[in-house]
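Chain by chain, the residues:
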Amino acid sequence: MAAELHVALVAADREVWSGRATLVVARTTSGDIGVMPGHQPLLGVLESGPVTIRTSDGGTVVVAVHGGFISFADNKLSLLAEVAELADEIDVQRAERELERAKAEGDAAAERRADVRLRTVSAR
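Computed from a predicted model, the values in this text were never measured in an experiment. (Residues numbered from 1 in each chain as written. Predicted model: local features only at pLDDT ≥ 70, side-chain atom pairs only at ≥ 80, totals over all residues. Heavy atoms only, no water.)

Visitor: I tried to follow helix H1 (residues 92-105) on my own but got confused; where do I start?
Guide: One full turn of an α-helix is made of 3.6 residues, so residues set three or four places apart face in the same direction. In a regular helix each residue adds 1.5 Å, so 14 residues correspond to 20 Å; H1 covers 20 Å between its end C-alpha atoms and thus fits that length. Buried residues of H1: Ala-95, Glu-98, Leu-99 and Ala-102, and no others. All buried residues of H1 lie within an arc of 105° about the axis, which places them on one face of the element. Buried residues along H1 sit against helix H2 (108-123). The N-terminus of H1 is capped by Asp-91, whose side-chain oxygen sits 3.1 Å from the backbone nitrogen of Gln-93. Positive phi shows up at Gly-106, right after H1, with a value of about 70°. (Helix = DSSP H or I, 4+ residues; strand = E, 2+ residues; numbered from the N terminus. Expected span 1.5 Å × (residues − 1). Buried < 20%, exposed > 50% of the residue type's maximum accessible area, 1.4 Å probe, protein only. Arc of directions from axis to C-beta. Contact = heavy atoms within 4.5 Å. Polar contact = N/O pair within 3.5 Å; in protein donor to acceptor, adjacent residues only side chain to side chain.)

Visitor: I tried to follow the UniProt feature "coiled-coil region" (unreviewed entry) in the chain on my own but got confused; where do I start?
Guide: Mapped onto the present numbering, the UniProt feature "coiled-coil region" (unreviewed entry) falls at residues 83-112. Between the C-alpha atoms that bound residues 83-112 there is a distance of 13 Å. The span itself is 63% helix and 13% strand. (UniProt positions renumbered as here; feature names shortened; annotations may be inferred.)

Visitor: Help me understand unusual backbone geometry, please; the structure alone is not making it clear to me.
Guide: Glycine aside, residues mostly have negative phi angles, and peptide bonds mostly take the trans form. With a phi close to 55°, Asp-74 is a non-glycine residue in the positive phi region. Along the chain, Asp-74 falls in the loop between strand S6 (60-73) and strand S7 (76-86). Of the residues examined, Asp-74 reaches a relative accessible area of 72% and is grouped as exposed.

Dropping the structure here:
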């Protein structure tokens, strides 16, 4: 069994992250899933939430993902997201303002997006 897998996380507008990893954890419509080298092939729908990538060099990459698909075969994991933001790219104050505004306006979708951004930053 291979000790690492190749990961490509792509959003509609750009490649967000690509590299070697030992573990990827993501939320799907069936629940949270962890993918390690040698995992059975899969295809699933991503829910909005943080995706955690444990890189082969011991680092961690955390990304806020807002919908999309996950696919794994032959030790290659593809995450195709509608929108994805690296934790380092998220402006915490802006996300907090967006969360408060969404709560005040009763906008559940905007509230969920802001909440995912804040959870992603705290998971780094």
